[in-house]
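Notes for the structure review
Given next are the chains, with one letter for each unit.
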Amino acid sequence: MPRYLDRHPTNPNMPPELVAEIIERLRSGRADEFGEKGLKVFIGTEETYCYTEAPSPEAVLLSHAALGITLAPEDVIEVQVLP
């Protein structure tokens, strides 16, 4: 499965219920309805980076949109992990 890194502004006003849902998804290792599976999330004061597995960059865009996070296609890049 391809892996992606995306970036978007950090949302300091994200509802606690949504944060809890994201944490549960990460812990469970399950993919969402778009096929995206979160691997890690790195939250900075200005930007957040998400490291995921997904069938396509479009799946990453749709998954984030369902959470109310708008990504531009150029915010999502396919990455490979070095051994």
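The next point concerns the pattern of salt bridges. Summed over all chains, the structure comprises seven salt bridges. Between E24 and R30 there is a salt bridge, and its shortest N-O distance comes to 3.9 Å. R30 gets classed as partly exposed once you look at its relative accessible area, which sits at 43%. Here D32 makes a salt bridge to R25, at a shortest N to O gap of 3.4 Å.

Moving on, we get to the pairing of strand 2 (residues 37-43). Relative to strand 3 (residues 47-53), strand 2 runs antiparallel, the two sharing six bridges. Each residue of the ladder has a partner; that of K37, found in strand 3, is E53. With antiparallel pairing between neighbouring strands as the criterion, strand 2 and strand 3 make up a hairpin whose turn holds three residues.

Let us now look at the confidence of the model for the chain. In the predicted model, the chain carries a mean pLDDT of 94, and 100% of its residues have values of at least 70. Helix 1 (residues 16-28) is the least confidently modelled element of the chain, averaging 90 in pLDDT, while strand 4 (residues 76-79) averages 98, the highest of any element.

Moving on, we get to the environment of V76. Relative to the helices and strands, V76 is located in strand 4. Residues V76 and E21, 55 residues apart in the sequence, show an inter-C-alpha distance of 22 Å. Residue contacts for V76: discarding those within four places in its chain leaves Y4, L5, D6, P57, V60, L61 and L71.

Procedures and definitions
Residues numbered from 1 in each chain as written. Predicted model: local features only at pLDDT ≥ 70, side-chain atom pairs only at ≥ 80, totals over all residues. Heavy atoms only, no water. Salt bridge = Lys/Arg side-chain N within 4 Å of Asp/Glu carboxyl O. Buried < 20%, exposed > 50% of the residue type's maximum accessible area, 1.4 Å probe, protein only. Pairing = 2+ DSSP bridges. Helix = DSSP H or I, 4+ residues; strand = E, 2+ residues; numbered from the N terminus. pLDDT = per-residue confidence, 0-100. Contact = heavy atoms within 4.5 Å.

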